[in-house]
Every structure is written in C-alpha cells, then in structure tokens.
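Now for the letters of each chain:
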Amino acid sequence: MLGVILVGLIYTQACITAARATSVYRFSDLLTSADTVPAKAKRVPLPAAELSRSQQIDTLTPIVRLTAEDSISRVQTDTFRFKRSRDTLDAPVKYQATDSAVVLVRKKKVILYGKTNTAYTDMTLSAPKVELDQQTQVVTAVRSVDSTGATLDAAVFKTGETEMTNDTILYNFRTQLGVTKKTYTKQGEMLVIGEQAKKVSPTTTFIKEARFTTCMLDEPHFAFVSGKMKMINQQLAVSGPAHPEFEGVPVPIYLPFGFYPLNQGRHSGLMRPNFMTDELRGLGLQGIGYYRVINDYWDAQLTADLFSYGEWAASARTTYRRRYRYNGGFGLDFRSSKQNFKGDPDFNKTRVFNISWSHAVDGRARPGVTFSANVNAGSTKYNRSIPGNAVLPFQNMLGSSITFAKTWKNKPYNLSLSANHNQNNNIGLINISLPNGAFTLNNIYPFERKNAAGASRWYEKLAIGYNVTFSNSISFYDTLTYGRNGVKPFLQYIRDTAQWMANHSLPIALALPPILGGRVIVSPGISYNQSWIQRVTRYSWNASQKKVDTLTQKGLFIDQRASVSLGFNTALYGMYQFKRSRVMAIRHIMRPQIALSYTPDFNKSRILSTQVDTTGRVLYYNDMGGQFLYNTSTRRSGSIQFGLDNNLEMKYRSKKDTGKAAIKKMMLIDGFGFSASYDLLRDSMNLSREIPFYLRTTLFDKININASTSLNPYQTDKNGFEINKYAWQGGKFKLGRISSGSVAIGTNFQSKPKDSKKEELRKKQMQERLNDPLLQGDQQRLLEYMQQNPNEFVDFNIQWQLNLSYSLSFFSRLRPDFSGYEKEYNSGLNLAGSFNLTPKWKLSGSASIDMTAGNVQYLTMSINRDLHCWQLSINVIPVGFTRSFNFTISPKSSLLQDLRINRTRFFTGF
C-alpha cells in the first residue's frame, strides 16, 4: 500500500512540475446578468492559432465557450492544462514487496526487496530484488543466490503469452526492449535456454548461445546447441549452425541451420521414414511420405513403404472436423507383395487393398437429421499381409455401415436409409447390402379426443403404427477366379446372387389400466406383416448322388402373417433381513410374465417337404426363405409364452463410514431367468424345442460374468433328431439336453496411480486434445499409432495391471447332408498385463490362447525403460507365422516423435 501511495505522489509531483514549467493557465471572463433564466448556448470553435497551440498541450477537460444570443446571462469557462513530461508512462506501475521498498526521491528511483511483484500493462515481473528508474524508465531485476552461488529465487518475467525465468533482467517500459541473462522460456513443448537474450519487440527475441530441448530440466539431458537464434513467440525459431548434445557432451553432427516450429497445431512437411530389414522383403524404408495441412478443417497424409525385393505399399489418409458440425476421416491402402522370385515354382504375387471411412454429424448442426458412416472393407487377405501386428491376422470379420436418418418436427413419422457390408476373411465371403430403407409411422391414437375433459376412455388408448422396410443385397467370394475353371463371369455371378425384399408391418396396441390394484399390467396387441421377396427356394432329394439339391426361382412372391396376443406381467418382492450382521438385508425381485398368442397360417401352399437322407426322413420347409420347420408341418400356432426374470440385491453396512453414509447397496445378480412357450394347436411336441436360460452378474465390482444356455426338453434318436418323448420320460428324471451355451468372464485389475494428480492431468490433457478441432488430426494419427505400437506408450504411473477374459461357446448344428446334428466348441483365453520391475523399468505382454485347438494364437512381449525425456522399448513377437523383433529409442515429446532410432526385423515361417 505504501508503495502505491509513493508512486502516486511522485507521478503527481512530476505532472505539477511540468505544468509550472510551461506556465499555461487560462481563465475566461465571467459574464453575469440579473436574469436567472439559463441561456441557450452554442459551441464556438477555437481560432486556428489557439487550436494549433491547444494540440501541443494536454487537457483534462475540453475547452468550451458559452455565448448568449440575447440578454440572458452567459458563462464562459476554460480548463486547467499542462504539458506531459517526457518521463511520464502510459499507465501506472503497480508493485509490492514483502520485505521493504526504498524510494530515492532525488534520483527518482524505487528499490524493492524480498518477494516482489511489479505489474505494468500486460507485463508482470517477480524477483527477489527490483529497481525502477523513472528517468530512464528501465526496470532491473536480479536473482538471489546462496553462499555457494546457487540460485535461490530467479527473476520471472511474463508478458502476453511469453514467460521467462532469468538470472538478470533489464527492461524498458516505454520501448518494451530488454536484455536478459541465463534465460529459460517454454514455447509449447519446447524449452529454450539462452546465455544472453535481447528482446527487440514484444514478440521477437534474439538469443546468444541457445539450447533447444524438450527436456524440462535446468540442466537438460539433451539439447540442440546453436551460437545464435531468433525466436518469434509461439510461432517459430530460426538458428544458425546447430549440433546435438547429450548430458553436456556434444555430438559431432552439425546442421547448417535450424528451423523449429513453436506454434501449436498442424504443420505441413515431409515425414521421416523408418529403416527396416525383412527376410522376405529385404531392406526397406517404412513410412516415407508427406503431410499436408489443407485448411483449418482438412488435412491429408500420403505415405509409402518401399523394399528392395519389389514389395511396396501406399497409403492415403485424410481427416476433417468442423466444431458443432461434423468430423471424420478417410483412408485408402494398397499393398503389393511377392513370395520368391519369378521363375520359381512357388512364386506368388498378391495385391490387396483396404478402405476405411468414419463420419459423424453433431446433432446440433441440423436437428432432426443424422448421418454417420463407419466403413472398414477390403481384400479378405489384407489383415494377413500386415507384418509385425499380432492381432490383425485373427480379425476375420469386418463390417461397415452408412446411415442417414430424418425425423420431422412435430410429425409422427421418420425415414432412414442405409448401406451395409460384412465379410468373412476366413472363407473369403463378402456380402453387400444397399440401398436399404425404413419408413416408420409412430403410434397414433385415432380415437383420442382433441379436447378431452375428465378421465380418458379405454378405447382412446388404442395405438396404430406402420413400418415398411426394403433391402437389396449381393454376395460373392473374392477368392474365386471368375470366368475361368467353370466359374461364371463376375457380373453374371453378381446378377444371379442379387436379392431384394420389402416388408410391411401394422402393429396395433392397447394400453389398458393395471388390474388387481395396479399390480398386474395387461398388454393386448394385434400385428399384421406382409413380405415381398424376389425368389423362393426349393429342395429336392437327389437319389443318384444321395444328397439334397437346392433350386431357386425368381419372381415376385408375397408372404403374409398375422398374430393376436394378450400379455400379463407383474413384479414380486421378497426380503430377508439379518440381525447382528454387517449384511442388513437381501432383496429378491421376481418379474413373471405370461402371454397368450394366436398366429394363423395365410400361406399354407408355401409349406413344402423334402426327403433329407437315405432313411427316408422328411422335413418341412417354407420355400419363401428356405427355413426348415422343426417337428411341425404348419406355421399356425396358439401358444402360451411364459418366463421369469430375477435379480438379487444386498444392503450392508460398510466399515469405512458411519451413520447413514455407511449403508451401502450391492447388486449380487443383475439378472437370471428363462423363457419358454407351449403350443396348444400342435398335435405333438407342444413344448418349445429351445428353452433359453441366462445369468448376468458382476462380482465385487470387478468380475463380469455373462452366461446363457439353451435346454432341449426332448429325447433324440441315434442321429440327433428330436422324438416325441420328453427327456424326463422313460424312468430317468432329466430336465433336458443342453443344445447350446456360452460363458464369458472378464476382469481388470490395476494398482492405484502413484501420483493421482498426474493421472488426472493426463486425462484432462487428452480430453482437451480430443475437443480441439485444430489438434484433432494430430490426435487421431497419434491414437492410431498408439494402437499399432502399444508397447511404445506405457504409463509408469500405474505400477501394475492385469486384464483377463475367457470365453466358451458351443452349439449343435445340422450337418450339411442332413444326416444329423454335431456339436462345435470354441474356447479362448486372452491375457494382457504389465508391471514395474523398478521405478524406471516396465515389463508388459499380451497373449491369446485357443483353448479348443490347444495353441497360442499370438504372443507379444515388451520391456520399456523410462529415460525421463526419452523412452526405450524392445518388442518381441515370438509366436506365429510372422515373427518380429523391434528396438526403439525415441523422445517422449510428440513434437520430436520422428526423431527416433528404430531397428526392426521380421521372420516368416513356422
């Protein structure tokens, strides 16, 4: 407070002194009159001589002359003016000091001691000692040292977006020029250190003996050293001849000049390739290319892989994003590979490709309209052609979806159009479905009164809807040689496999009030469906070859179905309370449901039969789709559907809290139950042939368990076909035969972060990058690189982690020759984990084991060393057809991501 008062006194004294020196005082005559009515005044401009003179002096208020046009009194006033002193600043200087402030009035200096803070416009200066000279308008700040000469408190200078830490600062308030010694300044991810720096403008600084690094230490582990450098804040830095140094030891590798971008965001330029060797491909350069920033919303990247044995790969990728509008990316990859050389009997040449596209629209851009795309399609052998990736060769299923949807405001209908794709890389089958469409009319209430008064009547809740869908599809194998070896030409093959269909449905529902005091909900409903299809399927027994032949017939065929249903459901609650136990109570919720339904058969003529084996067994099927009807010859049914859903909850008292906060709830079982049906109109085998059971739970909030199975209640003959006898008949009690089932167990364990604040900061920075449209392209490429090279990005803040997942599934399927059923089992175990051997060494790995075949599908191992600002990684894939070894040492900073030493080798064969 004392400092602010002293500065104000000095400022006022300087102003008065300057005013007295100029002796410019002016008072106008005061004219008065007896009339007390105020005069109507008008503004009179100053004479030219006075105006020119007034421009040379500073005024506190404008000069105004008031004149009267009649005898009314007039007043003419002038202002107090003075010339501005040459040492006057444009704004006040605010300062404070925790120790003391010494004011030298004669020398016009102020000296501050202790932890000082000085502010002037957008400049802030903090230092142990600061001296302000009013005559020269120069501020001097110095550091404090201990008895050994080590720095205790440095001088910190901040102006605009630039912050510098220095030993000594000399700064001129008026010219905004300054000189600093031993300067540290952070520009984005880079740290610039200079022995001496000269600030020549608010944004430009020249540095002598500069060191440029991403290691944020006073004595960095590595740096680029240059004798002189010019730096423009948050934009770029240009240096003369530069060379790197590690731990203060110079490396005799000199560059004639240096150009360092400092601004955040994207920059166009060449991409540094990686050198690698491969037994099959030879020497190669991987990732050579060019990155181009098209504008603020688009960027593009072109890369290529070149190998000495003739293999090559090319990739084109682009990303785009407009905030609150849309975002996405597109990728196109080509690969050409060779095995052996021309003339060799085992010579093979393969060309594959892959297309990827992702697009999403912000719902705020066009309310009611959505468009999304998620495309991943290509050659079925593409995943197997990527070396060094242990996971991709086992991803046999690919899918794509492009969807447009339109919803009209205040209208009960909506429209959606889509295109879909799926492919099985294992057998080479590709299915494409486009265009597909759906039009939906939401429930309308035709009997609802517009101006209803009182309670609504039951028939007013009658709802009618309408849905229509259509689809077109083609299928083909990319492994076939079309037009050769008896295979049809490709276009003819596509024409023969092309299909289309349309479906109309008219659901009618009635919301009745609950009965039995609101405990039971009644749900009646009526539905009508009509399907238009292009072809029908016919089966016939070929006695000569002893197999079933499949024939198709094209045309327009209509299938009609209708049903009437009445459903009842309720909820029952049961609770068991404990005494003198931490477990207070367990609650059991049961949700039984029962429904009655009737379905007539409008297409009896479409139900056909065929012999399926040499024993004369006959199966019925619907030629409109080719689905087989098991244990019946009609689609007419009058069924009773019933089921039961349950869950278990526990309330307990925690040891960690007291009072009401100690009472906790835990879900023991999320859901378990079954469902089945009984057809009253069948003459035999009335009970449904598949009774599904399910279980879902999460144990200790860590272990997720999902299990399901299907129970067949009928006995079977020697070929596995059901017979009209229940499983519990015949003297032995048995609920049924398990025909299919699956179990999936997954868990994830990890230690707490060593530094919780560091973990929160990491998540916050990641989220900020994802939300920044200017960094979206960089972040997307970084995420893709992390997915392809996960071992190069490890978190030493997590001491250990373990991911486990196990899956088991089995099912019975009809043999292709209809000779019976066979069971197929699949079982797999996936593991991934890591742990810190020491605070700086981490060991990690992942594996996938096929428990059915008893072999390891893939195995990866890596060891990483934290080198503070650098990171060392050794990755090994020892199992599989393509094995690899990789050694990488690279900076952690994404700015120097390409400045890495990499050694990769691939080995092919078992």
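Here the structure is a predicted model, which is why all the values come from computation and not from measurement. (Residues numbered from 1 in each chain as written. Predicted model: local features only at pLDDT ≥ 70, side-chain atom pairs only at ≥ 80, totals over all residues. Heavy atoms only, no water.)

Asker: Kindly report on the overall build of the chain, identifying the contributing residues and their values.
Answerer: When its secondary structure is counted, the chain shows 5 helices and 54 strands. Of all 910 residues assigned to the chain, the portion counted as buried reaches 32%. Across the chain, every contact between residues at least 6 apart in sequence was considered, and the portion connecting residues at least 24 apart equals 51%. (Helix = DSSP H or I, 4+ residues; strand = E, 2+ residues; numbered from the N terminus. Buried < 20%, exposed > 50% of the residue type's maximum accessible area, 1.4 Å probe, protein only. Contact = heavy atoms within 4.5 Å.)

Asker: Any details on the pattern of salt bridges? Residues and values, ideally.
Answerer: Side chains that differ in charge, positive against negative, can pair when their charged atoms come close. For the coordinates displayed, the defined rule picks out 25 salt bridges. Where D333 meets R317, a salt bridge forms, and the shortest distance between an N and an O atom there is 3.1 Å. Note that D333 is positioned in strand β26 (residues 326–339) and R317 in strand β25 (residues 312–322), a separation of 16 residues in sequence. Residue classification places D333 among the buried positions, given a relative accessible area of 7%. Close ionic contact of E824 with R813 constitutes a salt bridge, the shortest N to O distance being 3.2 Å. One end of the pair, E824, is in strand β49 (residues 821–838); the other, R813, is in strand β48 (residues 800–814), with 11 residues separating them in the sequence. One salt-bridge network, held together by shared partners, links K109, E131 and D133. (Salt bridge = Lys/Arg side-chain N within 4 Å of Asp/Glu carboxyl O.)

Asker: Any chance you could break down the packing of aromatic side chains for me, citing the residues and the numbers?
Answerer: Summed over the entire model, instances satisfying the criterion amount to 22 aromatic pairs. With centroids separated by 5.9 Å and ring planes inclined at 55 degrees, the aromatic side chains of Y621 and F628 adopt a geometry described as tilted. Residue class for F628 comes out buried when judged on its relative accessible area of 16%. Members of the aromatic cluster, each reached through a chain of ring pairs, are Y120, F157, Y171 and F173. In this structure, R322 packs its charged tip against the face of Y297, placed 4.4 Å from the ring centre. Residue placement shows K842 over the ring face of F796; its charged tip is 5.9 Å from the ring centre. (Phe/Tyr/Trp six-rings, centres within 6.5 Å; stacked < 30°, edge-to-face > 60°. Lys NZ or Arg CZ within 6 Å of the ring centre and 35° of its normal.)

Asker: Talk me through the sheet that holds strand β39 (residues 618–622); I want residue IDs and the actual numbers.
Answerer: Backbone hydrogen bonds are what pair the strands of a sheet, in a parallel or an antiparallel way. Judged by pairing direction, the sheet is antiparallel, and its 3 strands sit side by side in the order β38-β39-β40 without closing on themselves. Every interior strand has two partners, whereas the edge strands, β38 (607–611) and β40 (627–629), have only one. Within the sheet, the average angular offset between the axes of one strand and its neighbour, ignoring direction, is 45 degrees. In the sheet, β38 pairs with β39 via 5 bridges, with the strands oriented antiparallel. (Pairing = 2+ DSSP bridges. Axes fitted to C-alpha atoms, helices over the stretch in contact; angles between N-to-C directions.)

Asker: Explain the side chain of N166 to me, and be specific about the residues and the numbers.
Answerer: With respect to the helices, strands and loops of the structure, N166 is situated in strand β11 (residues 162–166). Here the side chain of N166 touches M164 through a polar contact of 3.4 Å, landing on its backbone oxygen. Separated by 2.8 Å, the side chains of N166 and T183 make a polar contact. With sequence-adjacent residues up to four places away left out, N166 is seen in contact with A154, A155, F157, T180, K181, K182 and T183. (Polar contact = N/O pair within 3.5 Å; in protein donor to acceptor, adjacent residues only side chain to side chain.)

Asker: Provide a residue-level description of unusual backbone geometry, including the pertinent values.
Answerer: Going from L434 to P435, the amide bond is cis rather than trans, its omega being -15 degrees. Along the chain, P435 turns up in strand β31 (residues 429–444). Even without being glycine, D701 reaches a positive phi, approximately 60 degrees. With respect to the helices, strands and loops of the structure, D701 is situated in the loop between β43 (691–699) and β44 (703–712). Take D701: its relative accessible area is 68%, and that puts it in the exposed class.

Asker: Could you give an account of the environment of S126, naming the residues involved and the relevant values?
Answerer: Within the element layout of this structure, S126 appears in strand β6 (residues 123–133). On the basis of relative accessibility, which here comes to 26%, the residue S126 falls in the partly exposed class. For the pair S126 and A141, spaced 15 residues apart in sequence, the C-alpha to C-alpha distance is 8.2 Å. Residue contacts for S126: discarding those within four places in its chain leaves T116, N117, A154, A155 and V156.

Asker: Break down helix α3 (residues 490–497) for me, with residues and values.
Answerer: Considered for burial, the residues of α3 that qualify are Y493, I494 and T497. Each buried residue of α3 sits inside an arc of 100 degrees when the element is viewed along its axis, so together they form one side. Relative to its buried face, α3 has exposed residues pointing more than 90 degrees away, namely L491 and R495. The inward-facing, buried residues of α3 contact β32 (462–477), β33 (499–510) and β34 (520–542). (Arc of directions from axis to C-beta.)

Asker: Outline the side chain of D133, listing residues and values.
Answerer: In this structure, D133 sits in strand β6. Among the polar contacts listed, one links the side chain of D133 to the backbone nitrogen of T136, at a separation of 3.4 Å. What D133 contacts, discounting residues up to four positions off in sequence, is K107, K108, K109 and V138.

Asker: Hey, could you go over the pairing of strand β41 (residues 637–653) for me, with residue numbers and the actual values?
Answerer: Alignment of strand β37 (residues 583–599) against β41, held across 16 bridges, turns out to be antiparallel. Each residue of the ladder has a partner; that of H588, found in β41, is L648. By the bridge criterion, 14 bridges tie β41 to strand β42 (residues 663–679) in an arrangement that is antiparallel. Paired with L644 across the bridge in β42 is F674.

Asker: Give a description of the pairing of β39 that names residues and reports values.
Answerer: Taken together, β38 and the strand that follows it, β39, pair antiparallel across an intervening segment of 6 residues, in which G616 is found at a positive phi of about 90 degrees. Two strands pair when backbone bridges link them, and β39 and β40 are joined in this way by 3 bridges, in the antiparallel orientation. Of the residues in β40, the one forming a bridge with Y621 is F628. Hairpin connection, β39 to β40: the antiparallel pair is bridged by 4 residues, and G625 has positive phi, about 120 degrees.

Asker: An account of the environment of N712 is requested, with residue identities and associated values reported.
Answerer: Mapped onto the secondary structure, N712 falls in strand β44. Note on N712: relative accessible area 1%, which makes it buried. Measuring from C-alpha to C-alpha, the distance between N712 and S740 comes to 9.1 Å, with 28 residues separating the pair along the chain. For N712, the contacting residues outside a window of four places in its chain are R689, E690, E722, G736 and R737. Only 3.3 Å separates the side chain of N712 from the backbone oxygen of R689, close enough to count as a polar contact. Polar contacts involving the side chain of N712 include one to the side chain of E722, which spans 2.9 Å.

Asker: Got a sec to walk through the confidence of the model for the chain? Specific residues and values, please.
Answerer: Averaged over the chain, the pLDDT score is 81; the fraction of residues at 70 or greater is 86%. Low pLDDT (under 50) marks residues 1–75, which in the prediction has 89 contacts with non-local residues, meaning those over four places away or in another chain. Segment residues 773–777: pLDDT under 50, and 12 contacts once partners within four positions in sequence are set aside and those in other chains are kept. (pLDDT = per-residue confidence, 0-100.)

Asker: Tell me what's going on with the environment of N704, and back it up with residues and numbers.
Answerer: Inspection of the secondary structure puts N704 in strand β44. Sequence separation of N704 and T747 is 43 residues, and the distance between their C-alpha atoms is 6.3 Å. A distance of 3.2 Å separates polar atoms of two side chains, one belonging to N704 and the other to T698.

Asker: Just give me the short version of the nonpolar core, but keep the residues and values in it.
Answerer: Formed by 19 residues in total, the largest nonpolar core has its most connected members in I207, F212, F222, M229, A237 and Y260. At the level of elements, β14 (190–199), β15 (204–213) and β16 (222–232) are the ones that each hand at least two residues to this core. At 4 residues, the largest contribution of residues to this core is made by β16. Leaving out residues up to four positions away in the same chain, F212 has contacts with M190, L191, V192, A223, F224, M229, A237, Y260 and L262. Formed by 17 residues, the second largest nonpolar core is a distinct cluster that contains V110, L125, A141 and Y171. (Core = buried A, V, L, I, M, F, W, Y, C linked by side-chain atoms within 4.5 Å.)

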